[in-house]
Amino acid sequence: MEKKLNILWASMSGTAENVANNLNEKAKLKGFDINKLELNQVTMNDLSNMKNVAIVTSTTGEGDLPTNGEDFWDDLKNTDKNFQNLRYSVCALGDSSHDIFCGAGKKVDERLEKLGAQKVLDRQDCDGSDEGSEEWGSIFLDKLSA
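Cut-offs used in this document
Residues numbered from 1 in each chain as written. Predicted model: local features only at pLDDT ≥ 70, side-chain atom pairs only at ≥ 80, totals over all residues. Heavy atoms only, no water. Axes fitted to C-alpha atoms, helices over the stretch in contact; angles between N-to-C directions. Helix = DSSP H or I, 4+ residues; strand = E, 2+ residues; numbered from the N terminus. Left-handed = near helix turned anticlockwise from the far one by under 90°. Contact = heavy atoms within 4.5 Å. Nonpolar A, V, L, I, M, F, W, Y, C, P; charged D, E, K, R; others polar. Buried < 20%, exposed > 50% of the residue type's maximum accessible area, 1.4 Å probe, protein only. Expected span 1.5 Å × (residues − 1). Arc of directions from axis to C-beta.

**Some words on the packing of helix H3 (residues 67–78) against helix H4 (residues 103–114)**
Step number 1: Where H3 meets H4, the axes come as close as 10 Å, and the angle between the chain directions of the two elements is 30 degrees. Remark: the crossing between H3 and H4 carries left-handed chirality. On H4, the residues touching Phe72, Trp73, Leu76 and Lys77 of H3 are Lys107, Val108, Arg111 and Leu112.
Step number 2: Broken down by class, the residue content of the contact of H3 with H4 amounts to 5 nonpolar, no polar and 3 charged.

**Quick look at unusual backbone geometry**
Step number 1: Even without being glycine, Cys102 reaches a positive phi, approximately 55 degrees.
Step number 2: Summarising the element assignment, Cys102 is placed in the loop between strand E4 (87–94) and H4.
Step number 3: Its relative accessible area of 0% is what places Cys102 among the buried residues.

**Regarding helix H1 (residues 15–29)**
Step number 1: Helix length check: H1, at 15 residues, gives a terminal C-alpha distance of 22 Å against a target of 21 Å (1.5 Å per residue), a fit within 8%.
Step number 2: Along H1, the positions that sit buried rather than exposed are Ala16, Val19, Ala20, Leu23, Asn24 and Ala27. Along the axis of H1, the buried residues cluster in a sector spanning 145 degrees; they form a single face.
Step number 3: For H1, the elements touching its buried residues are strand E1 (4–10), strand E2 (33–38), strand E3 (52–58), E4 and helix H5 (133–145).

Here it is as structure tokens:
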């Protein structure tokens, strides 16, 4: 079993970064080797070499990724790579009072699935806070460990 986990995040106000940090601590306790990166630090070649990926992103504007995830999204949107070896889940943060709720996480999730990545756990949509992210992280790590 692959005990390496890549935690990729993009955050405006810090909430998504905190969720990524919390997942990082949980994963360490479960014996995972962690690689935690801002989304913009990840190229499509990097992503295609990753096995286990947790993506945590907040949403800004009209369903967009935060500034530190925009380059990643542009690359992901335009790539035709096959990510069949990638096992992933997305934790999307948003606010349901906006027209496009959790738009950034939804876009990334749908695009990865379209490119052949294996969804280990359904996307967690968090409304206005990080509520639900702790449970999402625990279940995701359990599924990766199984």
